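# Tertiary structure, described
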Amino acid sequence: MARKKIALVGAGQIGGTLALLAGMKELGDVTLIDVAEGVPQGKALDLVEASPVEGFDSHLTGSNDYAELKGADVVIVTAGIPRKPGMSRDDLIGTNTGIIKTVGEAIAKHAPNAFVIVITNPLDVMVWVMREVTKFPAERVVGMAGVLDSARFRWFLAEAFGVSVEDVTAFVMGGHGDTMVPLVRYSTVAGIPLPDLVKMGWVSQEKLDQIVQRTRDGGAEIVKLLKTGSAFYAPAASAIAMAESYLKDKKRVLPCAALLTGQYGVKDTYVGVPVVIGAKGVEKIIEIELNAEEKGMFDKSVGAVKELVDVVKKMNVI
Ligand code: A3D
């Protein structure tokens with residue numbers, strides 16, 4: 001059986017980490033593609049030189065030519081510019097829309113059967129642009145954000161409770177921005193919902209509220225510390241979980257930006273919801289019951305995403 005091919009468009013901070021993880025997990029052969037001359041080639045060479053030490057048999061190559069997308073089973077897109085301190089994700093919209101348009105056209109031309117995972121910010125809008133440009137079926141164009149936001153929530157909870165990260169499940173819905181919706185009722189430690197843990201005295205409501213807010217601000221906290229860019233290890237790990245579920249038909253239930261076609265009362269908008277990812281891509285969008293407060297927060301988040309989509313529509317470039 002031929003190895004799978006994973007193309008990474010954008011060989012920056014996240015792209016390089018994606019390549020390392022995909023290689024070490026032997027998910028397939030990896031091609032890094034970037035406009036910066038020498039960068040994808042240099043990173044690919046550095047990574048293959050790590051393979052004898054780590055003992056993985058993935059071939060990694062780098063290129064400045066989109067034609068190298070040919071035959072890709074999965075394309076993960078990080079091409080674009082990241083945030084600097086003081087910038088919101090939305091400040092990136094002008095530059096990154098143009099980049100996603102170029103990359104989307106190249107994917108449609110060279111890798112028409114690929115499963116496409118977008119990471120470039122502002123996420124929910126960029127994945128919408130990608131789908132508009134490629135015209136791929138919606139189940140093959142998805143955005144990574146919820147896995148990362150949920151991972152941050154899980155880590156903060158595990159740290160606060162002094163328990164293994166493995167036993168904390170959490171999920172965050174909505175747009176990948178300040179309005180994201182960490183769902184306390186559906187987050188658990190070994191199946192025990194967080195509101196029960198408050199009653200059991202594991203955590204005060206005040207502390208839990210602080211953790212929820214820290215989750216919402218999770219990206220900005222790292223941007224402030226790094227000063228020269230945004231998070232990249234956890235974002236890469238999150239996208240690899242999605243790619244792995246697709247390539248191995250694992251059917252994992254993961255929060256991802258998916259195109260809603262009426263679910264949650266929303267149409268024609270990409271926003272974070274729990275989905276099943278398997279060999280057909282986004283195989284199912286899971287509609288959970290939201291109470292009035294959660295629905296209010298979700299609708300507000302969807303509204304913020306729609307406003308940004310309108311900004312892109314008015315730019316008249318796609
Ligand atoms: P960075 O290290 O700057 O890498 C981006 C790369 O894209 C650079 O190497 C550029 O040369 C390259 N690039 C620019 N234009 C093109 C093009 N047309 N074709 C191919 N490559 C191009 O950034 P990063 O890796 O830290 O972040 C990448 C993106 O991910 C940014 O937009 C971030 O805001 C975003 N991001 C999203 C999340 C989410 O959770 C959604 C988290 C962290 C970062």
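An unreviewed UniProt entry annotates the protein as Malate dehydrogenase originating from Roseiterribacter gracilis. Under the UniProt heading Function (unreviewed entry), the entry covering the protein gives this text: "Catalyzes the reversible oxidation of malate to oxaloacetate." As stated in UniProt under Sequence similarities (unreviewed entry), the record for the protein gives "Belongs to the LDH/MDH superfamily. MDH type 3 family."

Before going further, it helps to examine the overall build of the protein. Along the backbone of the protein there are 10 helices and 12 strands. Over its C-alpha atoms the protein spans a radius of gyration of 19 Å, differing by no more than 12% from the 20 Å that the globule rule assigns to 318 residues. For the C-alpha atoms alone, the extent of the protein along its principal axes is close to 55 × 50 × 40 Å. Considering only intrachain contacts with a sequence separation of at least 6, the fraction spanning at least 24 residues in the protein is 69%. Split by element, the accessible area of the protein, about 14300 Å² in all, is 53% carbon and sulfur.

Over the atoms a probe the size of a water molecule is rolled, and this reveals where empty space is left. Taken as a whole and judged by the stated rule, the model has one cavity of 30 Å³ or more. Its volume calculated, the largest cavity comes out at about 50 Å³. Along the walls of the largest cavity sit Asp 124, Ala 145, Gly 146, Asp 149, Val 172, Met 173, Gly 174, Gly 175, His 176, Met 180 and Gly 272, which together make up its complete lining. Residues of the lining of the largest cavity, tallied by class, amount to four nonpolar, five polar and two charged.

Quick look at the site of the ligand now. Looking at the ligand, there are 27 residues lining it, with Gln 13, Ile 14, Asp 34, Tyr 66 and Ile 81 nearest. Within the backbone of Gln 13, a nitrogen or oxygen atom sits 2.8 Å from an oxygen atom of the ligand. In the environment of the ligand, an oxygen atom lies 3.1 Å from a nitrogen or oxygen atom belonging to the side chain of His 176. Within the complex, 88% of the 870 Å² of free accessible area of the ligand lies under protein. Counting atoms within 2 Å of the grid points, the majority share of the ligand lands in the largest pocket. Sorting the residues of the shell around the ligand by element identifies helix 1 (13-24) and helix 3 (93-110) as the ones contributing at least two each.

Looking now at the layout of surface pockets. Of the voids in this model, the largest pocket is the one considered here, and its volume is about 780 Å³. Lining the largest pocket are 39 residues, and of these Ile 14, Thr 78, Gly 80, Ile 81 and Pro 82 lie nearest its centre. Breaking the lining of the largest pocket down by element, the ones donating at least two residues are helix 1, helix 3, helix 5 (146-161) and helix 8 (218-226). Ranked by the residues each element gives to the lining of the largest pocket, the list is headed by helix 1, at three residues. Grouping the constituent residues of the lining of the largest pocket by class yields 21 nonpolar, 13 polar and five charged. Taken as a whole, the second largest pocket spans an internal volume of roughly 540 Å³. In terms of lining, the second largest pocket is formed by 21 residues, of which the most central are Ser 150, Arg 154, Ala 170, Arg 252 and Leu 254. Every element with two or more residues in the lining of the second largest pocket is listed here: helix 5, strand 7 (168-173), helix 9 (233-247) and strand 10 (252-261).

What follows is about the nonpolar core. Of all hydrophobic cores here, the largest spans 85 residues; its most connected members are Val 75, Ile 76, Ile 107, Ile 117 and Phe 298. Here this core takes eight residues from helix 4 (residues 123-134), the largest share from any one element. Ignoring sequence-local partners within four residues, the contact set of Ile 117 consists of Val 74, Val 75, Ile 76, Val 77, Val 142, Met 144, Ala 239, Met 242 and Ala 243.

On to the UniProt feature "binding site: substrate" (unreviewed entry) in the protein, then. Within this structure's numbering, the places UniProt gives as "binding site: substrate" (unreviewed entry) are Arg 83, Arg 89, Asn 121 and Arg 152. Lining the largest pocket, from this annotated set, are Arg 83, Arg 89, Asn 121 and Arg 152. By secondary structure assignment, the location of Arg 89 is in the loop between strand 4 (74-77) and helix 3. Judged by relative accessible area, Arg 89 falls into the buried class, the value being 5%. Residue contacts for Arg 89: discarding those within four places in its chain leaves Arg 83, Asn 121, Pro 122, His 176, Gly 177, Asp 178 and Gly 219. Inspection of the secondary structure puts Asn 121 in the loop between strand 5 (115-118) and helix 4. On the accessibility criterion, Asn 121 (17% relative accessible area) is buried. The contacts of Asn 121, once residues within four sequence positions are left out, are Arg 89, Leu 92, Asn 96, Met 126 and His 176.

Moving on: the environment of Val 125. Positionally, Val 125 belongs in helix 4. In this structure the C-alpha to C-alpha distance between Val 125 and Asp 310, which are 185 residues apart in sequence, comes to 9.5 Å. Setting aside anything within four residues of it in sequence, one finds Val 125 in contact with Ile 93, Val 305, Leu 308, Val 309 and Val 312.

Cut-offs used in this document
Sequence positions are assigned chain by chain, starting from 1 and proceeding in written order. The model is predicted, so local features are restricted to residues of pLDDT at least 70 and side-chain atom pairs to those at 80 or more, both for listing and for counting; the totals for chains, interfaces and linings are taken over all residues. With hydrogens and water excluded, all non-hydrogen atoms of the structure serve as input to the side-chain values. UniProt positions are given in the numbering used here, feature names are shortened, and annotations may be inferred rather than shown by experiment. For the purposes of this entry, the term helix denotes a DSSP run of H or I that reaches at least four residues, the term strand denotes a run of E that reaches at least two, and both are numbered from the N terminus. Radius of gyration: over C-alpha atoms. The globule rule applied is 2.2 Å multiplied by the number of residues raised to the 0.38 power. Only heavy atoms enter the contact rule, under which two residues are in contact if any of them lie within 4.5 Å. Values of accessible area rely on a 1.4 Å probe in the Shrake-Rupley scheme; residue burial ignores everything except the protein chains shown. Grid points spaced at 1 Å over the protein atoms alone were grouped into cavities, where a 1.4 Å probe fits but cannot get out, and pockets, open sets with protein on both sides within 12 Å along at least five of seven lines, with lining residues defined by an atom within 4 Å of a point. Grid points are joined across faces, edges and corners, and a volume is the space filled by probe spheres set on the points. In this classification, Asp, Glu, Lys and Arg are treated as charged, Ala, Val, Leu, Ile, Met, Phe, Trp, Tyr, Cys and Pro as nonpolar, and every other residue, Gly included, as polar. Here a residue is considered near a molecule or strand provided that any single heavy atom belonging to it is located within 4 Å of it. Whenever two N or O atoms come within 3.5 Å, that pair is a polar contact, provided that in protein one can donate a hydrogen and the other can accept it, and provided that, for residues adjacent in sequence, both atoms are side-chain atoms. If over half the atoms of a molecule are within 2 Å of the grid points of a cavity or pocket, the molecule is regarded as sitting in it. By nonpolar core is meant a set of buried Ala, Val, Leu, Ile, Met, Phe, Trp, Tyr and Cys residues that side-chain atoms within 4.5 Å join together. Only protein chains enter the accessibility calculation, which uses a 1.4 Å probe; a residue whose area is less than 20% of its type maximum is buried, one above 50% is exposed, and one in between is partly exposed.

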